[in-house]
Amino acid sequence: MQHGKNLKFKLRSHVDYKFLSDNKNAFFLHKTNLSRLANNAANFATSAGRQQQAKTAILMLNMGGPQHTDQVHDYLLRIMTDRDMIQLPVQSRLGPWIAQRRTPEVQKKYKEIGGGSPILKWTELQGQLMCEQLDKVSPATAPHKHYVGFRYVNPLTEDTLAKIENDKPERVVLFSQYPQYSCATSGSSFNSIFSHYRDNSLPTNIKWSIIDRWGTHPLLIKTFAQRIREELAKFVETKRNDVVILFTAHSLPLKAVNRGDAYPSEIGASVHMVMQELGQSNPYSLAWQSKVGPLPWLAPATDDAIKGYVKQGRKNFILVPIAFVNEHIETLHELDIEYCDELAKDVGVEEIRRAAAPNDHPLFIEALSSIVADHLKSTQPVNPKFLMRCPMCTNPRCRESKKWYQQLCSH
């Protein structure tokens, strides 16, 4: 597939993006291995049924993404009617209207990245590799089995919970795949589990625990640093030290920030640790992407930051998606196509690259298994921070959810 006459697409075992401009020619390479991911996911699904009963279930929570364009409408509908994610006036009517209106535009974007989101395939692969390591490093809690629970698209969290109950593990670890906690993302996934069991019987004889945030874990930090080094090495030596490392994370409405959402400070902590790991090698900044609607959100926007730095004479960049652990539409389309290709050409960027998400990097798989292994050995089933609400929280469901989790994890 091609997104323009100078754009080439090829499948590979990882992601590699490049945009170069010499004032005459520009090209952008977008390489993603979806076929390998599909094969790994299929092999795992086939072998999973032959495995012995899992002793420890690890539920990997994320928002998910439509695998096919015909899933886009329902995906958007669930987002636009989730009051943890977004608050709208007369949401029961306005949310469906926005979802319907945005569906064609979003479907077009998914077609431009191959027809769907690879987030499920990446998560399945990450879970498989994580559990293989866990069986080795934590035999007392083996066998381990991963499950995927998405908030807005299949496999939905509530359906996955039913599968876990049917498998009857001794322990379930609820593992957020958002390294940095936000009420709109991690909080929504955890609240959905609370809502599910408010209407359904909680299974007995299962020990529950929670991993809610891990944005400064040393191996996660090393993974991001290594991804950045891989891209820095591709710049000519005379430019390398002047390349701006532009960290980018999904933005958040200021209304949520002002309630006390921890997300901005946790993103900042991750950025600080990565630059410390890199020895403060380059100029760097943090920007925010994916703003929706007219209300004020965290700023500066990533595209505005690129424009601003180009005006200052800084024309070489690495974009680093610091809040995402695998590729999806906000890396493959927003960063790669809209910013690294289209925007870069428009504003006169000399060279811009995008660091790949952690994906299946060996350091990242080690991070996942280390986080879970340490958690399983810990006597603390839930982080006390998780049980706190934002200081200005007005969400009654959040209050009820936190109380429920405190009881759940005390058994």
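Residues numbered from 1 in each chain as written. Predicted model: local features only at pLDDT ≥ 70, side-chain atom pairs only at ≥ 80, totals over all residues. Heavy atoms only, no water.

Novice: Could you give an account of the side chain of D261, with specific residues and numbers?
Specialist: Among the structural elements, D261 can be located in the loop between α9 (254–259) and α10 (263–277). One buried charge, D261, has no salt-bridge partner; the nearest side chain with opposite charge is R259, at 6.0 Å. A polar contact is formed between the side chain of D261 and the backbone nitrogen of C183, at a distance of 2.9 Å. The contacts of D261, once residues within four sequence positions are left out, are Y181, S182, C183, A184, L252, A256 and C390. (Helix = DSSP H or I, 4+ residues; strand = E, 2+ residues; numbered from the N terminus. Buried < 20%, exposed > 50% of the residue type's maximum accessible area, 1.4 Å probe, protein only. Lys, Arg positive; Asp, Glu negative; His and termini not counted. Salt bridge = Lys/Arg side-chain N within 4 Å of Asp/Glu carboxyl O. Polar contact = N/O pair within 3.5 Å; in protein donor to acceptor, adjacent residues only side chain to side chain. Contact = heavy atoms within 4.5 Å.)

Novice: Account for the pairing of strand β8 (residues 244–250), naming residues and giving values.
Specialist: Among the seven residues of β8, six are classified as buried, and the element is accordingly described as predominantly covered. Where β8 lies against strand β10 (residues 316–321), five bridges are found, and the strand directions are parallel. By the bridge assignment, T248 is partnered in β10 with P321. Relative to strand β9 (residues 284–289), β8 is paired through six bridges, and the arrangement is parallel. Its bridge partner lying in β9, H250 is registered against Q289. (Pairing = 2+ DSSP bridges.)

Novice: Go over the nonpolar core, please, and point to the residues and values.
Specialist: Core analysis: the largest hydrophobic core is formed by 44 residues, its most contacted members being I58, M130, F175, W214, I228 and F247. Taken together, the elements giving at least two residues each to this core come down to β4 (56–62), α4 (119–137), β6 (171–176), α7 (218–232), β8, α10, β10 and α13 (362–377). Among the elements that line this core, the one with the most residues is α13, at seven residues. Setting aside anything within four residues of it in sequence, one finds M130 in contact with I58, M60, H146, F175, I365, L368, S369 and V372. One finds V72, M80, I86 and A99 within the second-largest nonpolar core, a separate group that totals 23 residues. (Core = buried A, V, L, I, M, F, W, Y, C linked by side-chain atoms within 4.5 Å.)

Novice: Lay out the packing of helix α3 (residues 91–112) against helix α12 (residues 329–347) with the relevant residues and their values.
Specialist: Their axes nearest at 10 Å, the elements α3 and α12 cross at an angle of 85°. As summarised for this structure, α3 and α12 are arranged roughly perpendicular, according to the angle between their axes. On α12, the residues touching K109, Y110 and E112 of α3 are I329, H333, I337 and E338. Along the lines of polarity and charge, the residues of the contact of α3 with α12 split into three nonpolar, one polar and three charged. (Axes fitted to C-alpha atoms, helices over the stretch in contact; angles between N-to-C directions. Parallel < 35°, antiparallel > 145°, perpendicular 65-115°, else oblique. Nonpolar A, V, L, I, M, F, W, Y, C, P; charged D, E, K, R; others polar.)

Novice: Tell me what's going on with the pairing of strand β5 (residues 144–150), and back it up with residues and numbers.
Specialist: Extensive coverage of β5 is indicated by the burial of seven of its seven residues. Every second residue of β5 is oriented toward a common face, with H144, H146, V148 and F150 on one face and K145, Y147 and G149 on the other, all of them buried. Summarising the sheet, β4 and β5 pair through seven bridges and their orientation is parallel. Across the sheet, residue L61 finds its bridge partner in β5, namely G149.

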